[in-house]
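# Reading the structure
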Amino acid sequence: MIPTPTPATELPSSRRAAAVPDLRMPLLGAAAWLGGIAAQRFGGAAYLGLVVLAGALAGPAVVGRARPPDGVLRLAATALLVAGAAVTGTVLRHDAVRGSPLRDLAAERATADIVGTVVSDPRSIEGRSGPQAVVRVRVRELTARGHRLRTGGAIVLIGDPAWTRTALGERVLAEGRLAVSDDPGTAALLVGARAPVRIRGPDPWWRASAAVRASIRQAVAHRPPDQAGLVPALVDGDDAGLPEEVEQDFRTTGLTHLTAVSGTNLTLVVGSLLLLARAVGVRRRWLTVVGLAGIVGFVLLARTEPSVLRAAVMGTVGLFAFGPDGRRRGLRALGVAVVGLVLVQPDLAVAAGFALSVLATGGIVLLGPPLTRALARWLPGGLAEAVAIPTAAQLACTPVIAGLSGEVSLVAIVANLLAGPAVAPATVLGLTGGLVGLLWPWAGRLCGTAAGWSVGWIIAVAEHAADLPGAAVGWGSGALAIGLLTLICLVIAVGLPWLVRSRTVGVLLAVLLLLVVLGVPGRLWSTMSGAWPPPGWVLVACDVGQGDTLAVSVGPRSAVVVDAGPDPRAVDDCLDALGVERVPLVVLTHFHADHVDGLSGVLDGRRVGGVETTAVADPPGGVGLVRRATDEAGIPVATAPYGSTRRIGDAILQVLHPDLPATVGGPGDGSTANDASVVLLVETAGLRLLLTGDLEPPGQAEVAALARDLDIDVLKVPHHGSSHQDLGWLTGLRPEMALVSVGADNDYGHPSTSVVRALEDAGARVLRTDRDGDLAVVADGAGGLRAVTRR
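In every chain, residue numbers begin from 1 and rise along the written sequence. Totals for whole chains, interfaces and linings use all residues, but because this is a predicted model, local features are given only for residues with pLDDT of at least 70 and pairs of side-chain atoms are given and counted only at 80 or more. Each side-chain value is derived from all of the structure's non-hydrogen atoms; neither hydrogens nor water enter the calculation.

## Remarks on the overall build of the protein
Definition in use: Numbering of helices and strands starts at the N terminus; helices are DSSP runs of H or I of at least 4 residues and strands are runs of E of at least 2. The buried label applies to any residue whose accessible area, calculated with a 1.4 Å probe on protein chains only, is under 20% of its type's maximum; exposed applies above 50%, and partly exposed to all values in between. The criterion used for residue contact is that any of the two residues' heavy atoms lie within 4.5 Å.
Secondary structure summary: the protein contains 27 helices and 29 strands in total. Classification of the 791 residues of the protein by burial places 48% in the buried group. When contacts within the protein are restricted to residue pairs at least 6 apart in sequence, long-range pairs at least 24 apart make up 70% of them.

See the structure below:
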């Protein structure tokens, strides 16, 4: 008998089973995760939700209707049990913390002596009274109110800078005042802690871990600061030396996961260890022993904090996924990992890092294989996988990242693709340098040099990608916005493997993404439709009449505001049009009415981090207005710190003037206010902006002496372009663009024709708010700029 051939469209049952992923364990993992979230949010009331779901499950059988298949019922019942276990574990953990004697004593603000073990690396912070240290301590013994008792629980200690010299695993005696903690997993705070009394040093394994971490830092200490900071962060999550500007570039380009301990770190370290073991002849079960030893060593090196344990577990899932039948085994391992982690560490259920790890791993396991197969139809296999893995991970994580940052990175996939090849050598060489450096420091530095070269490429990718005008787009963080983005990501995940099967479609999609990243569609739209604000704006001079208001973009819907103009409504309208919802800093260059009277318009309906002013408190009317407005809004006021340089979001701000050590008064008539203006040098998107307030020739001479050889791209012309200027200094700044904030038909003759002509003769394009309305400076991503006006 001749067998009947299987139709081309019909798969044998065994292959159909393999093609359809087994989602039972992932569903149980999701049940545990949702149960943990519900318990964190609602406490014991989460049981009511489980009862309702159980009733819905049993309802059809009770009323005699058709019930779901037995397999579905068993899975649903198991999911309810797992969710119930997660709720129970979370509630019991929180009840134990609330029932701790530490809580009662903290509510009374009692002083206490605590014997405990340091369970985190200390870090320095700047407190009200100067530098302080923060460290987490596991309590063993407590003495307070004349009573000594043995108890457990974790506290967060804030106190003497000497605590920065304590080591993980060290047993210490701490003395301070207990305070209530808002974190349900922390029994109390210990504030004002005195210097520690060391009782016992760390255990040998912690000393070994600390020695390796120090050796890694030493191996790259001779490299530039950005490289010396990134290598330890990449190897073991030690980001204490990572410059802020590198962190910001990594956030913009979706590379932040590289600076935190993640499953990738463990996969690289343990994978390299297994390859080395195989090379020297280790086989079969002994390979498992080597792998387990590598996982334990990695956890000790990177610390046993919940985030590290989560990373270790997710890395182990990744190792499962790389084996035979990786998709099925990876999904099963992922589900088991989520259930186990939520039951052991309930607080992980609401941790952003946990969500990103789970989603990235799930995206790689689910979307990675079909996307790789589709791309492999016209790309080499290795390249197809290199594109598919970061794409799958980034697509799965995009909704959570948008919820955290309010933006969607468009360069993340490309940045991860370009940076990816350097991650493995940087991690392995950095760790090798630390290990070898324990015996031969010169060899450790040699490995550290190679690791530095590797991370140098990663830093260059992040820096250049972050400067692109379309690197990130603003996206709301509300439920509707994130729900819509999740739906979009799901549609893309389903359709992308089908679309990129074709070489033509794949290339077209890549070109389209490149055009979006370069900001081409945004520029065309803004040119054709007059859309405001223009994409890629870095500075806007608001048309507020005869006064100043400048907005410096520091992120999606976020800007530093310099001066507030004379009219609250005008500045409020300008910032609304720009979509500014967050103002990390307001700088008031001086207290004249045309710079401060509109302050309430800046504060109205926005999250404002703080206000900084000039050190010359004159005229009194402006000083009083600022004090009343900020007191009413509960916003701190400080003097702009001369000589300081700091990064706020996407911008670096340096205070060039005035050089005054403390607040001083004035004559009371405001005659000295102009020359006391705060002068800011802002660097953003490859441009240098000089914001000068109402500085006049004496103050301009001071800035020229304090900051020699200034070379800028954009000048905010001082004092609305009045004739009282040091033209030699202004033209010597060589700005490409000069902005004049001035009111139409003003009585002061601003701006002076001679000033405008001198700037134009020096090569600057002069723009005026009285003629052009709001003025926007737009970066092109390559160090160039252009102007867009509102009218």
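Alright, that's what it looks like, and here's the rest.
## As for the pairing of strand β23 (residues 679–684)
Rules: Pairing between two strands is assigned when DSSP locates at least 2 bridges connecting them.
Across the six residues of β23, five count as buried, placing the element largely inside the fold. Two strands pair when backbone bridges link them, and strand β21 (residues 651–657) and β23 are joined in this way by five bridges, in the antiparallel orientation. Directly across from H657, in β23, lies its bridge partner V679. A loop of two residues connects β23 with strand β24 (residues 687–691), the two strands running antiparallel in sequence, and A685 in this loop sits at a positive phi of about 50°.

## Some points on a nonpolar patch on the surface
What counts here: Residues enter patches when they are more than 30% accessible in relative terms and free of salt bridges; like-charged ones are connected within 9 Å and nonpolar ones (Val, Leu, Ile, Met, Phe, Trp, Tyr) within 5 Å. Using a 1.4 Å probe, accessible areas were evaluated by the Shrake-Rupley method; residue-level cover was limited to the displayed protein chains. Salt-bridge detection follows one rule: a side-chain nitrogen of Lys or Arg within 4 Å of a carboxyl oxygen of Asp or Glu.
A cluster of nonpolar residues, L435, L438, L439, W440, W442 and L446, forms a patch on the protein surface that exposes about 730 Å² of accessible area. Mapped onto the elements of the fold, L439 is located in the loop between α15 (412–437) and α16 (441–466).

## A few points about the pattern of salt bridges
Under the counting rule described, the total for this entry stands at 17 salt bridges. In this structure, the salt-bridge partner of E175 is R194, at a minimum N-O distance of 3.6 Å. Here R194 lies in the loop between β7 (188–193) and β8 (197–200) and E175 lies in strand β6 (residues 171–179), a separation of 19 residues in the sequence. Classification of E175 as partly exposed rests on a relative accessible area of 34%. Ionic pairing is found between D573 and R569, a salt bridge with its closest N-O pair at 4.0 Å. Remark: R569 and D573 occur in helix α20 (residues 568–578); sequence separation between them is four residues, near one turn of the helix. Using a relative accessible area of 42% as the deciding quantity, one classes D573 as partly exposed. A single salt-bridge network, built from bridges that share partners, covers D121, R213 and D236.

## As for the confidence of the model for the protein
Interpretation of this model should avoid reading the predicted coordinates in detail wherever pLDDT is low. Which entries qualify depends on this criterion: The predictor attaches a confidence to each residue, and that confidence, scored 0 to 100, is pLDDT.
When pLDDT is averaged along the protein, the result is 83, and 87% of the positions lie at 70 or above. When mean pLDDT is compared element by element in the protein, strand β15 (residues 586–588) scores highest at 97, while helix α1 (residues 13–19) scores lowest at 44. Low pLDDT, under 50, characterises residues 1–19; the predicted model gives this stretch three contacts beyond four residues in sequence or across chains.

## Some remarks on the environment of V180
Residue placement: V180 occurs in the loop between β6 and β7. Separated by 25 residues in sequence, V180 and I155 place their C-alpha atoms 10.0 Å apart. Ignoring anything within four residues of it in the chain, the contact list for V180 reads A106, A107 and L189.

## Structural notes on helix α24 (residues 697–706)
What counts here: Arc, as used here, means the arc of the directions from the helix axis to the C-beta atoms.
Listed as buried for α24 are G699, Q700 and V703. Burial along α24 is one-sided: seen end-on, the buried residues are contained in an arc of 100°.

## As for the state of the cysteines
Keep this limit in mind: For the purposes of this analysis, a disulfide is any pair of cysteine sulfur atoms at a distance within 2.5 Å.
Tallied over the full model, the rule gives one disulfide. Free of any disulfide, C397 has its nearest neighbouring cysteine sulfur in C489, separated by 9.9 Å. What makes C397 buried here is its relative accessible area of 8%.

## Comments concerning the nonpolar core
Let me state the cut-off plainly: Only buried residues count toward a nonpolar core, which is a set of Ala, Val, Leu, Ile, Met, Phe, Trp, Tyr and Cys residues joined through side-chain atoms within 4.5 Å.
In this structure, V540, L575, L578, V586, L588 and L599 are the most contacted members of the largest nonpolar core, which totals 32 residues. Residue assignment for this core shows that the elements contributing at least two residues are β11 (537–541), β13 (558–562), α20, β15, α22 (599–603), α23 (620–633) and β28 (775–779). Considering every element that reaches this core, the biggest residue donor is α20, with five residues. Ignoring sequence-local partners within four residues, the contact set of L578 consists of W532, P533, W537, V540 and A551. Core analysis: the next-biggest nonpolar cluster, separate from the first, contains 31 residues, L550, V554, L653 and V655 among them.

## Observations concerning the sheet that holds strand β25 (residues 714–716)
Our working definition: Only the contacting stretch of a helix is used when fitting its axis, a line to C-alpha atoms as for every element, and angles between N-to-C directions run 0 to 180 degrees.
Ordered by their spatial adjacency, seven strands build an open sheet running β20-β21-β23-β24-β25-β26-β27, and the pairing between neighbours is mixed. At either end of the open sheet lies a strand with only one pairing partner, and these are β20 (645–648) and β27 (765–768). Across the sheet, the axes of successive neighbouring strands diverge by a mean angle of 20°, strand direction being ignored. Pairing between β24 and β25: three bridges, direction parallel. Residue L689 lies in a different strand from β25, and its bridge partner there is V714.

## Some remarks on the side chain of S558
When you line up the elements, S558 lands in strand β13. Judged by relative accessible area, S558 falls into the buried class, the value being 9%.

## Quick look at the side chain of D563
This is how the line gets drawn: Under the convention used here, Asp and Glu are negative, Lys and Arg are positive, and both His and the chain ends fall outside the count. Any pair of nitrogen or oxygen atoms within 3.5 Å is treated as a polar contact; in protein, a donor-acceptor pairing is required on top of that, and neighbouring residues in sequence qualify only through side-chain atoms on both sides.
For D563, the position within the fold is in the loop between β13 and α20. Within the buried core, D563 has no salt-bridge partner, and the shortest N-O distance to an opposite charge, that of K716, equals 6.1 Å. Polar side-chain contacts of D563 include one of 2.8 Å to the backbone nitrogen of T589. Among residues more than four places away in sequence, those in contact with D563 are D548, T549, L550, V587, L588, T589, H590 and H595.

## Some points on the environment of A384
Secondary-structure assignment places A384 in helix α14 (residues 381–405). Judged by relative accessible area, which is 0%, A384 ranks as buried. Distance from A384 to T372, taken between C-alpha atoms, is 5.4 Å for residues twelve residues apart in sequence. Aside from chain neighbours lying at most four places away, what touches A384 is T372, L375, A376 and L379.

## Re the environment of T630
Position of T630 relative to the elements: it lies in helix α23. The buried category is assigned to T630, whose relative accessible area is 1%. Residues T630 and L603 lie 27 residues apart in sequence; the distance between their C-alpha atoms is 8.4 Å. Residue contacts for T630: discarding those within four places in its chain leaves L599, V611, I635 and V637. Reaching out from T630, the side chain makes a polar contact with the backbone oxygen of V626 at a distance of 2.8 Å.

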